[in-house]
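Geometric and topological summary
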Amino acid sequence: MARSDKRRGKRHREWNLGLLFENDSDPRIEKEMAEVERKSYGFINKWKPRKDYLRQPKVLMQALDDYEVWKRDCGADGDPGYYFWLRTQQDQNSPDLKARFNKIEELSRKIENDIQFFYLGIARIPLRLRRLFLAYPGLKKYSHFIERIFAESRHLLGEREERILNLKSSTSYSNWVRMTAGFLAREERRVLLEDGRAGVKAFSDIVSLMNSGNRKVRDSAGKAFNDILEKHVDVAEAELNSVLANKKVDDELRHFTRPDFSRHLSDDIDSEVVDCLIDSVSGRFDIPAEYYGLKARLLGVKKLKYHDRNAHFGDIGNKYPYEGSRRLVYRVLKRLDAGFADIFESFVEKGQIDVYPGKGKAGGAFCVHHCLSQPTFVLLNHTDTLHDVLTMAHELGHGINNEFIRKRQNALNFGTPTSTAEVASTFFEDFVLEEILRGCDDEQRLAIMVMKLNDDVSTIFRQAACYRFERELHMTFGEKGYLSKDEIGDLFRKHMAAYMGDFVEQSPGSENWWVYWSHIRYFFYVYSYAGGLLISKSLQNSVKKDPAFVAKVKEFLSAGLSDSPGNIFRKLGIDITDRAFWKRGLDEVESLLRETTALARRLGKI
Ligand SMILES: [Zn+2]
């Protein structure tokens with residue numbers, strides 16, 4: 001079907017950017033941009049010369065009220081910035097759109113630089129006055145916003161030092177990381193393809209070929225992959241040591257007492273929550289170990305090779321046209337709560353979802369929001385696969401989360417912290433998957449359940465193992481001052497073996513897989529994958545036991561940045577520093593494993 005045919009229906013299948021502007025030459029665009037500039041410099045010129053808002057809580061309240069209105073209405077680039085960014089996602093090949101967007105960004109960067117004084121000023125409010133500010137009733141609605149600035153300010157250096165660190169960050173950090181990733185990305189190898197022929201494939205294709213259902217294809221790709229890592233492991237040793245040393249220096253300068261603290265601070269999550277999460281997950285490494293045992297039997301081998309872990313099993317079936325998928329997702333949302341379904345319906349009616357792939361359109365899928373006053377947009381590339389339906393549910397989850405926050409929060413609390421950003425998305429995704437499983441025959445159900453377990457194990461247990469690897473890596477580096485590739489490889493293997501158990505071989509070459517794991521270069525980020533999915537699963541577990549619990553889920557979805565995740569849950573009577581909370585999530589994974597094993601047995605597959 002041609003794209004134009006799809007537009008004939010009553011409902012939009014492409015973004016209706018008319019919600020922002022008529023078209024690219026709408027005269028309102030120029031006018032709006034002039035307004036953004038006027039409003040921004042209105043704020044800057046009013047508050048920059050003043051210092052009283054840093055001494056008197058009442059004046060800070062007035063300043064923050066102004067700031068909130070600015071953020072709500074336009075921020076630094078307003079509707080024109082949002083509109084042209086969205087246009088570049090619809091058509092990535094248009095130099096004209098890129099140019100229009102860049103022009104707007106030029107001005108918005110200038111505004112952002114000029115408005116920074118405000119944030120930096122609040123960070124310099126002296127310690128003795130801080131309690132006074134936080135206790136002031138008029139500032140209550142902004143208290144967490146202020147608390148976070150105060151918390152970060154304790155680790156800020158002087159203006160000149162910050163400038164130096166900033167100027168040197170590319171040579172001391174990002175160039176190194178980009179170098180290793182760049183070397184790997186440029187590699188090619190001759191490998192066996194699905195059709196039985198051999199062909200030269202790029203690094204990223206080789207990575208996907210390792211998941212093939214055909215063992216010969218997997219082995220050929222695995223060999224090529226290990227060969228590439230071996231070639232670059234010496235460079236990666238030098239790179240990682242430099243990156244670790246740089247991080248150690250930064251942490252010392254900023255007085256961070258543990259290597260993962262800067263991550264917790266920037267993600268607005270208490271260290272004790274992350275510790276409890278990682279301990280709870282690693283206390284249940286028997287779950288992935290048992291899963292890999294099941295998978296080995298399903299694939300008919302005694303042990304999986306290291307690169308076999310993600311091999312596809314069975315046929316998951318792939319016929320999910322958009323209309324049917326939309327109705328299915330709607331049904332699941334409605335059963336959970338009418339409010340969820342209404343948001344979805346309104347997205348569809350107003351044209352906030354761009355459904356099908358198109359020439360020049362961005363790949364993948366995302367859900368985007370900008371200012372509180374602007375509509376959310378979802379981008380999909382629906383090609384009727386099972387993955388596409390789950391992606392739809394996932395991105396809608398983000399969208400529903402946005403709309404709940406929009407209803408309840410001010411513009412300074414509009415957003416989600418990294419630590420819980422994936423809770424809503426995976427929550428809805430998992431309920432939709434359950435609905436799909438209900439409609440499948442047994443063979444297909446088994447294949448989908450194995451796929452789901454594989455994803456859950458990678459997201460929860462593998463990431464927790466990676467976090468523990470990182471922790472020991474930073475500590476050992478701190479003690480020794482330099483780590484050889486063998487030492488890094490030994491540490492890596494130790495932590496991977498801990499979660500994989502006895503049914504995955506730590507095959508030769510697997511000790512080098514850290515070379516390619518980019519997340520470890522971003523430091524302790526991976527807990528958020530495990531944490532997000534497990535919080536979501538714990539909430540799912542509670543909803544299944546008591547559908548009325550959805551009221552608490554909605555409270556959580558409305559909270560935005562109004563408090564830290566730990567406190568938000570505490571107010572709902574949920575303690576996420578308690579292992580029982582995480583156990584409820586882990587129980588969900590375990591029961592899926594039990595069901596999958598029983599089904600495999602019933603079908604005579606094991
Ligand atoms: Zn997501």
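Our structure's up above, just so we're on the same page.
Residues numbered from 1 in each chain as written. Predicted model: local features only at pLDDT ≥ 70, side-chain atom pairs only at ≥ 80, totals over all residues. Heavy atoms only, no water.

A few words on the overall build of the chain. For the chain, the helix and strand inventory stands at 23 helices and five strands. In terms of principal-axis extent, the alpha carbons of the chain reach across some 75 × 65 × 50 Å. A total of 606 residues make up the chain; the buried ones form 55% of that total. Sequence-distant contacts, at least 24 apart, represent 76% of the contacts inside the chain between residues at least 6 apart. Accessible area of the chain: about 27400 Å², with a carbon and sulfur share of 51%. (Helix = DSSP H or I, 4+ residues; strand = E, 2+ residues; numbered from the N terminus. Buried < 20%, exposed > 50% of the residue type's maximum accessible area, 1.4 Å probe, protein only. Contact = heavy atoms within 4.5 Å. Areas by Shrake-Rupley, 256 points an atom, 1.4 Å probe, with all protein chains shown as cover.)

By secondary structure assignment, the location of E239 is in helix 10 (residues 215-253). Within polar-contact distance, the side chain of E239 engages the side chain of R521 at 2.8 Å. (Polar contact = N/O pair within 3.5 Å; in protein donor to acceptor, adjacent residues only side chain to side chain.)

Taking 1.5 Å of rise per residue, the 16 residues of helix 17 (residues 423-438) would be expected to cover 22 Å, and the 23 Å separating its terminal C-alpha atoms lies within 8% of that figure. The element helix 17 is largely enclosed, with a buried count of 14 among its 16 residues. (Expected span 1.5 Å × (residues − 1).)

The next point concerns the sheet that holds strand 5 (residues 377-379). The three strands are arranged 3-5-4 in an open sheet whose pairing can be described as mixed. At either end of the open sheet lies a strand with only one pairing partner, and these are strand 3 (353-354) and strand 4 (366-368). In terms of strand pairing, strand 4 meets strand 5 through three bridges, oriented antiparallel. Residue pairing for strand 5: F366 is matched across the bridge by L379. Sitting on the sheet, helix 4 (residues 78-90) touches strand 3, strand 4 and strand 5, and the angle it makes with strand 4 is about 165°. (Pairing = 2+ DSSP bridges. Axes fitted to C-alpha atoms, helices over the stretch in contact; angles between N-to-C directions.)

Here we come to the packing of helix 17 against helix 18 (residues 442-480). Closest axis-to-axis distance for the helix 17/helix 18 pair is 10 Å, and the angle between their directions is 160°. Considering their axes alone, helix 17 and helix 18 lie roughly antiparallel with respect to each other. Handedness of the crossing formed by helix 17 with helix 18: left-handed. On helix 18, the residues touching D430, L433, I436, L437 and R438 of helix 17 are R445, I448, M449 and K452. Counted by class, the contact of helix 17 with helix 18 contains five nonpolar, no polar and four charged residues. (Parallel < 35°, antiparallel > 145°, perpendicular 65-115°, else oblique. Left-handed = near helix turned anticlockwise from the far one by under 90°. Nonpolar A, V, L, I, M, F, W, Y, C, P; charged D, E, K, R; others polar.)

All of the protein donors around the zinc ion are H394 (NE2), H398 (NE2), E422 (OE) and E422 (OE); their distances to the metal are 2.1 to 2.7 Å. Mapping the donors of the zinc ion onto the primary sequence yields the spacing H-x3-H-x23-E. Of this pair, H398 sits in helix 16 (residues 386-408) while E422 sits in the loop between helix 16 and helix 17, and the two are 24 residues apart along the sequence. The class of E422 is partly exposed, set by a relative accessible area of 30%. (Donors = N, O, S within 2.8 Å, 3.2 Å for Na, K, Ca; no water.)

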